[in-house]
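The lines below spell out each chain.
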Amino acid sequence: MKYTQLHGLTVSQICLGSWHLPASSEKYGDGILKVDRKETSRVVKKAVDLGINFFDTANTYHGTISETHLHPEHSGNAEKILGSCLEGYDRESIVVATKVRAEVARFPNGGGLSRKHISWQIGESLRRLRMKYVDLYQIHWEDQNTPPEETLDILNDLVHRGSVHYTGVSNHSAENMEKMLRISEERGYEKFITMQEPYSIAERDIEKDKVQVARKYGMGLLAYVPLAQGILTGKYLKGIPQGSRASYIKPLREETERLKSIASRVREAAETLQITPAQFSLAWLLRMQRELGITIVPIIGATSVRHIEENCSATEINLPDDVFRSFMET
Ligand SMILES: NC(=O)c1ccc[n+]([C@@H]2O[C@H](COP(=O)([O-])OP(=O)(O)OC[C@H]3O[C@@H](n4cnc5c(N)ncnc54)[C@H](OP(=O)(O)O)[C@@H]3O)[C@@H](O)[C@H]2O)c1
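Positions within a chain are numbered from 1, following the residues in the order the chain's sequence is written. Per-residue local features of the predicted model are confined to residues with pLDDT of at least 70, and side-chain atom pairs are confined, for both listing and counting, to 80 or more; whole-chain, interface and lining totals are unaffected and use all residues.

The name that an unreviewed UniProt entry assigns to the protein is Aldo/keto reductase, with the source organism given as Candidatus Sysuiplasma superficiale.

Brief notes about the sheet that holds strand β6 (residues 54-56)
Ordered in space as β3-β6-β7-β8-β9-β10-β11-β12, the eight strands form a closed barrel in which the pairing is parallel. On average, each strand axis in the sheet is inclined to that of its neighbour by 30°, with strand direction left out of account. Pairing between strand β3 (residues 15-17) and strand β12 (residues 296-300): two bridges, direction parallel. By the bridge assignment for β12, Leu16 is matched with Ile300. Taken strand by strand, helix α10 (residues 277-292) contacts β11 (220-224) and β12, and its axis lies near 155° from that of β12. Here a strand pair is declared whenever DSSP counts at least two bridges between the two strands. Put simply, DSSP H or I for four residues or longer makes a helix, DSSP E for two residues or longer makes a strand, and each gets a number counted from the N terminus. Here the axes come from fitting lines to C-alpha atoms, over the contacting stretch only for helices, and the angles between their N-to-C directions go from 0 to 180 degrees. Residues are defined as contacting one another if the C-beta atoms placed from their backbone atoms lie within 7 Å.

Observations concerning the environment of Ile94
With respect to the element layout, Ile94 can be found in the loop between α2 (77-86) and β7 (95-100). A C-alpha to C-alpha distance of 7.9 Å links Ile94 and Phe55, two positions 39 residues apart in sequence. Residue contacts for Ile94: discarding those within four places in its chain leaves Asn53, Phe55, Leu86 and Tyr89.

A short note on the site of the ligand
For each residue, a C-beta atom is positioned from the backbone; the residue is called near a molecule or strand if that atom sits within 6 Å of it. If you check the shell around the ligand, you find 29 residues, and the closest are Gly17, Trp19, Tyr224, Gly230 and Gly301. Among the elements of the structure, β12 and α11 (305-312) are those that each provide at least two residues to the shell around the ligand. When residues in the shell around the ligand are grouped by element, the largest group, three residues, is from α11. Residue polarity is assigned by list, with Asp, Glu, Lys and Arg as charged and Ala, Val, Leu, Ile, Met, Phe, Trp, Tyr, Cys and Pro as nonpolar; anything else, Gly included, falls into the polar class. A per-class count over the shell around the ligand returns 10 nonpolar, 15 polar and four charged.

Quick look at the structure:
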């Protein structure tokens, strides 16, 4: 595994996410699939064995649900499972990121970025993770009802109280991110060290404006859904495999159709280089660091030990320049 810097924090070049964990075949009464805890623990162990020290979660993640705000009763399940999988490791050897913003309870102040909600949720996240602090605390998406000063003030307090070491931002417009960064500068608050955004060969919107913000403020990019939820692995080119994410997440099925042509181009290019499409897609993202002049850490999802092995090995692959560039225009 290679390591990189997010300000002073040293993290593995690959982060393991927990939005979707290995699913079991059992369901809750409301039809939601349960997480296969044993397989999750094998995946996390393999990740640590391969040198991954960086784990991402959110206060809202369950582990098999896509929507972040429609199932408050399942919130926090992924934090609990991740916490228990990481319990046997030295806390100082791992870096844990989580997020706050989603509706985690069906009452006023049950979500958002207010002082009240964040003060409540940091305690809940720490309790579920069974940890004394979170390395990176991220605001999951915008909250139009809370003044940015209020959010930044409580985040700054959390850093100074020691509950959080660093802060990060996710799914905010470039304009709002800059506004918050400027307020932090003016008030002498801790500044976001990362932005977490969707980024892959198939999704490059952030190159329009957010990358410039990352460069200007020295922020690392945590690239989420780097394999377009598995579509870039080519697994959906011949239909929907049983047990795959699209087999139980309906909206993803339409996405597999929309991204068919890019997935098949990636597969062809990977075949020529005798690597897998997943390795190609991740190696391409890592190579983009040099083009964009920013640090990029892909946050991968994995439902098997094989995924972890295959995806981590992408850090060792250097794509030939002409092949890399042929995907610059997509
Ligand atoms: N900030 C945000 O709003 C936000 C939003 C979304 C995600 N995220 C973060 O980003 C993380 C990653 O998202 P993601 O899981 O969608 O990432 P992804 O890496 O694009 O997709 C992962 C999925 O693709 C399949 N897969 C992975 N490697 C494979 C391989 N080598 N061969 C075949 N299939 C493979 C697996 O699904 P199946 O085996 O189930 O088919 C796996 O769960 C999340 O866990 C979360 O931490 C953040």
